[in-house]
Amino acid sequence: MIFQQYYLGCLSHASYLIGDGATGRAVVVDPQRDVAAYLTDAERAGVRIERVVETHFHADHVSGHLEIAAQTGAGIWYGQGAAADYPIGNLRDGERIILGEVVLEVRATPGHTPESISLVVYERAGDQVPYAVLTGDALFIGDVGRPDLLASAGQTPEHMARQLFHSLHDQLLTLPDETRVYPGHGAGSACGRSLSTETSSTIGEQRRSNYALRPMSEEEFVTMVTEGQPTSPAYFAFDAQLNRQQHPLLREDEAPRTLTLAELLDLQRDGACLLDTRSPTDFVAGHLRGAINVALQGRFAEYAGDVVRPDRPLVLVCDPGTEAEARNRLARIGFDDVVGCLDDPVLALASRPELVDQSSRLTVVELGRRMESVPGLVVLDVRNPAELERGVIPGSVHLPLPRLMDGFGELDPSRPTVVHCASGLRSVIAASFLAAAGFVDASDLLGGFDAWAANPPA
């Protein structure tokens with residue numbers, strides 16, 4: 001058996017290549033948009049990818065099913081009830097995908113979405129104990145999938161939670177304790193509440209340690225799993241729809257075209273969003289007026305999707321050599337309209353100083369002084385709701401980063417505004433967004449709430 005997990009840390013996304021070395025047949029499960037690694041590894045292992053199996057329609061990323069199908073001829077398969085505007089097959093509960101000795105058994109596990117499935121993997125067809133189960137977004141390590149993402153599609157969280165309860169107890173927890181668990185996401189994903197940093201476990205370990213699987217009634221489960229979920233990123237609905245549609249393929253080896261400063265400024269005047277992917281340190285020291293800073297580190301694509309609308313053209317300012325990476329990471333969430341990237345940002349900034357702004361960053365002490373001396377000062381907290389349990393800065397206004405694009409109109413752009421998050425990364429993004437939106441005085445708090453809590457002003 002060939003079994004390979006691919007873990008994309010910046011989106012907390014796990015995908016899989018499973019094959020039978022004797023027959024040369026393989027499937028890819030829940031692929032990311034840039035698919036070169038699957039194709040390379042399949043060729044190296046001497047297997048051909050015959051199917052792409054999606055455990056559900058994803059909301060957190062755009063899948064690479066179309067890219068793999070185009071390059072290999074593989075069919076695309078979902079669970080029962082799934083419909084798309086490209087050719088797909090539907091897998092029934094109990095159906096088996098026979099690769100040779102290696103067999104995948106389909107189990108319907110709705111709850112996160114109606115069409116969700118899990119795949120039980122048998123190393124040999126006659127094995128009594130499965131090798132593993134790929135649980136998609138039904139069961140995570142330390143958590144379960146959230147049932148509230150389809151409220152806009154007419155599915156109530158309570159109804160989906162009841163489906164999830166039965167999927168867990170009737171389909172997954174009936175597997176032997178030794179069965180390995182391989183989920184679709186890990187820590188940091190907004191597809192659940194408190195996912196573990198571990199990327200695999202066993203059914204037995206989850207039965208013992210997962211808070212959502214402890215003995216409880218269906219009603220208790222529904223109440224627990226529908227409360228306290230993190231604010232979903234702004235682009236989730238866009239991606240969920242895009243994954244149902246035929247769309248242009250990603251060419252992951254192509255960098256965006258190079259732009260002169262004059263070309264970039266023309267595009268910006270025509271409505272393109274200027275996205276600066278350099279580090280916060282470089283950005284605050286000097287950036288083109290109107291730029292939004294989302295650093296090309298960590299959860300770059302997710303945070304970019306919180307402050308940029310998917311239908312808006314993008315022009316990039318990047319550290320040299322990172323342009324293709326920035327474009328591909330944006331493509332992973334379907335933000336494909338990258339018009340180009342500024343050539344030699346350092347020279348461009350130096351040549352036109354009248355176009356350059358610097359950003360304001362405050363220490364906790366400086367914020368304390370401003371709170372006492374600046375009339376009308378707004379302290380804006382962009383953390384998720386659950387993070388507020390750690391405490392809040394007195395008098396602060398709460399607006400989670402994923403809600404900033406739709407909610408900032410409730411703020412007064414003429415009032416000085418200081419943004420904070422937990423540690424300082426999201427606040428730079430939010431402050432640059434507000435400045436680009438016309439706020440006259442937008443600063444961020446160095447070290448965020450963590451710094452405030454450690455040494456609050458007297």
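Residues numbered from 1 in each chain as written. Predicted model: local features only at pLDDT ≥ 70, side-chain atom pairs only at ≥ 80, totals over all residues. Heavy atoms only, no water.

Moving on to the overall build of the protein. For the protein, the count of helices and strands is 15 helices and 26 strands. The C-alpha radius of gyration computed for the protein amounts to 24 Å, which stays within 12% of the reference 23 Å derived for 458 residues, consistent with globular compactness. For the protein, the spread of C-alpha atoms along the principal axes amounts to about 75 × 50 × 35 Å. Considering the protein as a whole, with its 458 residues, one finds that 54% of them fall into the buried category. (Helix = DSSP H or I, 4+ residues; strand = E, 2+ residues; numbered from the N terminus. Rg over C-alpha atoms; globule rule 2.2 N^0.38 Å. Buried < 20%, exposed > 50% of the residue type's maximum accessible area, 1.4 Å probe, protein only.)

A separate point is unusual backbone geometry. The backbone of Asp-30 shows a phi angle near 55°, a positive value even though the residue is not glycine. Relative to the assigned elements, Asp-30 resides in the loop between strand 3 (25-29) and helix 1 (36-45). Phi at Asp-344 takes a positive value of approximately 50°, unusual for a residue other than glycine.

Another aspect to go through is the sheet that holds strand 1 (residues 2-8). Read across the open sheet, the 6 strands follow the order 1-2-3-4-5-6; overall the sheet is mixed. A strand with exactly one partner marks an edge of an open sheet, and here the two such strands are strand 1 and strand 6 (89-91). Sheet twist, expressed as the mean angle between neighbouring strand axes with direction ignored, is 25°. Note that strand 3 and strand 4 (residues 48-53) share 5 bridges and pair parallel. Looking across to strand 4, one finds that Val-28 is bridged to Val-52. (Pairing = 2+ DSSP bridges. Axes fitted to C-alpha atoms, helices over the stretch in contact; angles between N-to-C directions.)

A few words on the pairing of strand 1. Strand direction decides the pairing type here: strand 1 and strand 2 (residues 13-20), joined by 7 bridges, are antiparallel. Across the sheet, Ile-2 pairs through a bridge with Gly-19, a residue of strand 2. Between the end of strand 1 and the start of strand 2, which pair antiparallel, lie 4 residues, with Ser-12 showing a positive phi angle near 50°.

Our next topic: the packing of helix 9 (residues 300-307) against helix 10 (residues 323-331). Pairs of packed helices are described in terms of their axes, by the angle between the two and the distance that separates them. Where helix 9 meets helix 10, the closest approach of the two axes is 9 Å, and the angle between their N-to-C directions is 65°. In terms of their interaxial angle, helix 9 and helix 10 are classed as roughly perpendicular. Crossing handedness for the pair helix 9 and helix 10: right-handed. Where helix 9 abuts helix 10, its residues Phe-300, Ala-301 and Ala-304 lie against Ala-326, Arg-329 and Leu-330. Class assignment for the residues of the contact of helix 9 with helix 10 results in 5 nonpolar, no polar and 1 charged. (Parallel < 35°, antiparallel > 145°, perpendicular 65-115°, else oblique. Left-handed = near helix turned anticlockwise from the far one by under 90°. Contact = heavy atoms within 4.5 Å. Nonpolar A, V, L, I, M, F, W, Y, C, P; charged D, E, K, R; others polar.)

Our focus in this paragraph is the packing of aromatic side chains. Applying the stated rule across the entire model yields 12 aromatic pairs. With 4.8 Å between their ring centres and 70° between their planes, Tyr-6 and Tyr-38 make a pair best called edge-to-face. Note that Tyr-6 is positioned in strand 1 and Tyr-38 in helix 1, a separation of 32 residues in sequence. In this structure, Tyr-6 and Tyr-38 share a single accessibility class: buried. In textbook terms, an aromatic cluster arises when at least three aromatic residues are bridged by ring pairs, as seen for Phe-3, Tyr-16, Tyr-131 and Tyr-182. One Lys or Arg, Arg-96, reaches over the ring of Tyr-122 and ends 5.0 Å from the middle of that ring. A cation over a ring is seen here: Arg-244 above Phe-57, with NZ or CZ 4.3 Å from the ring centre. (Phe/Tyr/Trp six-rings, centres within 6.5 Å; stacked < 30°, edge-to-face > 60°. Lys NZ or Arg CZ within 6 Å of the ring centre and 35° of its normal.)

Between side chains of opposite charge, pairing is possible as soon as their charged atoms come close. The full count for this structure, using the stated rule, is 26 salt bridges. Residues Glu-354 and Arg-352 are paired through a salt bridge, measuring 2.4 Å at the closest nitrogen-oxygen approach. Overall, the relative accessible area of 45% leaves Glu-354 in the partly exposed class. Owing to a relative accessible area of 32%, Arg-352 belongs among the partly exposed residues under this scheme. Across the pair Asp-450 and Arg-390 runs a salt bridge, and its minimum N-O distance is 2.7 Å. One end of the pair, Asp-450, is in helix 15 (residues 448-454); the other, Arg-390, is in the loop between strand 23 (378-381) and strand 24 (397-398), with 60 residues separating them in the sequence. Residue classification places Asp-450 among the partly exposed positions, given a relative accessible area of 33%. Judged by relative accessible area, which is 52%, Arg-390 ranks as exposed. (Salt bridge = Lys/Arg side-chain N within 4 Å of Asp/Glu carboxyl O.)

Of all hydrophobic cores here, the largest spans 47 residues; its most connected members are Leu-275, Val-294, Val-307, Leu-330 and Leu-404. Sequence-distant contacts of Leu-330, that is, excluding residues within four places in its chain, are made with Leu-275, Phe-300, Ala-304, Leu-314, Leu-316, Phe-335 and Val-338. Formed by 24 residues, the second largest nonpolar core is a distinct cluster that contains Val-120, Ala-161, Leu-168 and Leu-213. (Core = buried A, V, L, I, M, F, W, Y, C linked by side-chain atoms within 4.5 Å.)

A few words on the environment of Leu-175. As for its placement among the helices and strands, Leu-175 is situated in the loop between helix 3 (157-172) and strand 13 (180-183). Leu-175 sits in the buried class, given a relative accessible area of 4%. Sequence separation between Leu-175 and Val-120 is 55 residues, and the spatial gap between their C-alpha atoms is 9.0 Å. Contact partners of Leu-175, with chain neighbours within four places excluded, come to Arg-107, Val-120, Pro-130, Val-133, Ile-203 and Arg-207.

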